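For reference, the chains in residue letters:
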Amino acid sequence: MSQPRICISPDLSLPLGLITETTAIIGRRGSGKTNTGVVIAEDMLAAGLQTVIFDPLDVWYGLKSSMTGKSAGLPIVIMGGPHGDLPLRDIDGTLIADFVVESSTPVILSLRELSKTKQRRFVADFAERLYNRKGEASHRSPLMVMIDEASTFVPQRVDGANARMVGAIESLVRRGRASGIGVMLIDQRPASVNKDVLTQCELLIAHQTTGPQDRKALDSWIEAHDDRDQAKEFRDTLAGLTLGEAWFWSPSIFDLFQRVQVRARRTFDSSKTPKVGEIPIEPKKIAAVDLEALKEKMSATIKEKAENDPVILHERIEDLEEKLAAAPTSDNLSEVTDLKQWVDTLAGKLDIADIYAKNTTAAHQALRRVLDKIGGNLIEMMDDIGTALENYPALDLPGIPETEQELPHHPPDYGLDQSGVCLNNFQVGAESTNGIKLTGGRMRMLAILAGLSPRRLTETQWATLAKLRKSGGTWGTYRQQLKKANLVIAGKHENYATPPGISAGGGRVSRNSNQMLEMWSKGIGGGPARLLNAIAESGPFDNRAAFAEFVELAPEGGTFTCYMGILSRNELLDPSALPAITLNPVWFGSIDKN
């Protein structure tokens, strides 16, 4: 008897071995990509294979009911959301991963009711724990992790807030196969999905894709996988695919390049877009879930977790040590011995838990962000204090140290490298130049103009790169001092270093376009930097609205308007290209996008 397969269409079926492979399903909204994902999930579940589905929109619950909604569908447990069999909290990622591994239960993780911050926490905890537990010899059974709206969890832009989550999922994609883990990414915007993760997918299922940025994003996958010159046919037909039609392309794993009309799902269409005047229909019958058995399995997982939780272990050790101290030395000797063994065992578990906690990437990154923020604020505060002290030279204040001695040991990097040495780490008490000390903010201001010579900056650009408020007193004081010392020529529209200023500021620094991009990204920071890099990596964009959609911001919203204003005021966008959004060639020539 032949083994069941995954039926995609009458003329294409895939082996169940797909469960441990990496797959990407992409296509514009309404092209049929979710239906394709459901079709694959249906046949995996019907074959008794374990599937875990990240569902940020709460649209996968239809798997539990028939196509008409009048009879039961497939046995899968829903955690979280309005259709959940069990609740899901953002702090339960590790617990639920343990449950998934130990019970072999297929689950839908409905994340719709969690904020983005809480989703990131849950997914990072879950993915890390899943990867570690599936690595245990007793748990290396096949498991498919399906991630809908994949760009939410593995975005192209990785920063401190999502780095741990992206890293955890990347580990599943890159190294999960050895532990029986397969991953399927589903998204409408391949340009928004992390390229390093997307190119790891061995099977590409591409529905209709029309956006130039999205088609361009697929080139990275094509370059990594196409060894038979099939790209031209793929590119020429991609925009013309009809609803439900897709290219299935896997040169290495399945030796497959086929254009297919994917079959309709057999279960209830819970992802269907509601039409005007149409009353949404909910399924009347769903697959039964043995909640008591489920709770029993979950209770066992919770008990195991409690026995290894650092906080609980601390409490239990304290309690046992109190009993041990109060125990007699001669009577009940066996009880005392057992108690001592318990303390030693728990202490050993706690040592392991503490080591894990101390090395948690998220905790380290969170602390680093806080320290960097404090350091940045201290630098600006010390600059202001230094200016105030200079304005009162007659004050006799013995014991007050040089301002720069109070700076943190590792201030934030402003990107002003001189032969690999950060200018923030200048020597305390630098030599006076024409009557002023080149320390702190003054040195940063001068180094910027010196390093960029012979370029001339506007005052806004200069202040942005110096990380000082143009309207602040510190900026005005330092600017005037540098000007009087004949180190800079300072005006509203043109600011540049004089020959003595270039020498005192460390000399010119040669930067290519990518280094310019890095310098400006650090200068403007945060959200504006994210937009700047999006233009560099995926631009140009046809207009403001297209760009806003790409970066997932409202085109007329305050956040997008503010970020775009910062880019415009610093003249980082090409004004001659409007309404297209592209980088200003004055600053950025040819960006290397590899």
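If you're wondering where the values come from, they're calculated on a predicted model, not measured in any experiment.

Colleague: Please explain the pairing of strand β11 (residues 256-261) as it appears in this structure.
Modeller: Regular strands show a simple pattern: their side chains alternate between the two faces of the sheet. Sheet analysis places strand β10 (residues 245-250) next to β11, joined by six bridges and oriented antiparallel. Note on β11: the bridge partner recorded for E245 is Q261. Linking β10 back to β11 in an antiparallel pair, the connection comprises five residues, with D255 at a positive phi of about 50°.

Colleague: Before we go on, may I ask you to explain helix α17 (residues 526-538) in this structure?
Modeller: Between its first and last C-alpha atoms α17 spans 18 Å; for 13 residues at 1.5 Å apiece the expected length is 18 Å, and the two agree. Counted residue by residue, α17 has 10 buried out of 13 residues, so it is predominantly covered. The set of residues buried in α17 consists of G527, P528, A529, L531, L532, N533, A534, I535, A536 and S538. Contact partners of the buried residues in α17: α6 (212-225), α16 (513-524), α18 (544-550) and α19 (558-569).

Colleague: How do you make sense of the confidence of the model for the protein chain when you look at a structure like this?
Modeller: Low pLDDT means the predicted atomic positions in that stretch should not be read closely. Per-residue confidence for the protein chain gives a mean pLDDT of 79, with 75% of residues at or over 70. Mean pLDDT across the secondary structure elements of the protein chain bottoms out at strand β13 (residues 421-422), with 30, and peaks at strand β7 (residues 143-148), with 98. Low pLDDT, under 50, characterises residues 351-360; the predicted model gives this stretch five contacts beyond four residues in sequence or across chains. Below a pLDDT of 50 lies the segment residues 367-432, which in the model reaches 81 contacts outside its immediate sequence neighbourhood of four places, other chains included.

Colleague: Any chance you could explain the pattern of salt bridges here in plain terms?
Modeller: A pair can form between side chains of opposite charge whenever their charged atoms are brought close. Applying the stated rule across the entire model yields 22 salt bridges. Across the pair E136 and R133 runs a salt bridge whose closest N-O atoms are separated by 2.8 Å. Among the residues examined, E136 registers a relative accessible area of 32% and is labelled partly exposed. Of the charged contacts in the structure, one is a salt bridge between R259 and E245, with a shortest N-O distance of 2.8 Å. Note that R259 is positioned in strand β11 and E245 in strand β10, a separation of 14 residues in sequence. By relative accessible area, R259 is classed as partly exposed at 37%. On the basis of relative accessible area, E245 is assigned to the buried category, the value being 13%. Salt bridges sharing common partners tie together D98, E102, R129, R133 and E136.

Colleague: I tried to follow the packing of helix α12 (residues 440-452) against helix α14 (residues 473-484) on my own but got confused; where do I start?
Modeller: For any two helices packed against each other, the geometry comes down to the angle between their axes and how far apart the axes lie. Packing of α12 against α14 leaves a shortest axis separation of 10 Å and a crossing angle of 60°. Comparing their axes, α14 and α12 come out oblique. Once α12 is placed against α14, the crossing between them reads as right-handed. Contact with α12, carried on its side by G441, R442, M445 and L446, involves W475, Y478, R479, Q481 and L482 of α14 and no other residues of that element.

Colleague: So what exactly am I meant to see when it comes to the pairing of β10 here?
Modeller: Of all six residues making up β10, six are buried, and the element is well covered by its neighbours. In β10, alternate side chains face the same way, and those of E245, W247 and W249 on one face and A246, F248 and S250 on the other are all buried. Of the pairings in the sheet, the one linking strand β9 (residues 203-206) to β10 comprises three bridges and is antiparallel in character. Within β10, the position partnered with I205 by the bridge is F248.

Criteria and cut-off values
Residues numbered from 1 in each chain as written. Predicted model: local features only at pLDDT ≥ 70, side-chain atom pairs only at ≥ 80, totals over all residues. Heavy atoms only, no water. Pairing = 2+ DSSP bridges. Helix = DSSP H or I, 4+ residues; strand = E, 2+ residues; numbered from the N terminus. Expected span 1.5 Å × (residues − 1). Buried < 20%, exposed > 50% of the residue type's maximum accessible area, 1.4 Å probe, protein only. Contact = heavy atoms within 4.5 Å. pLDDT = per-residue confidence, 0-100. Salt bridge = Lys/Arg side-chain N within 4 Å of Asp/Glu carboxyl O. Axes fitted to C-alpha atoms, helices over the stretch in contact; angles between N-to-C directions. Parallel < 35°, antiparallel > 145°, perpendicular 65-115°, else oblique. Left-handed = near helix turned anticlockwise from the far one by under 90°.

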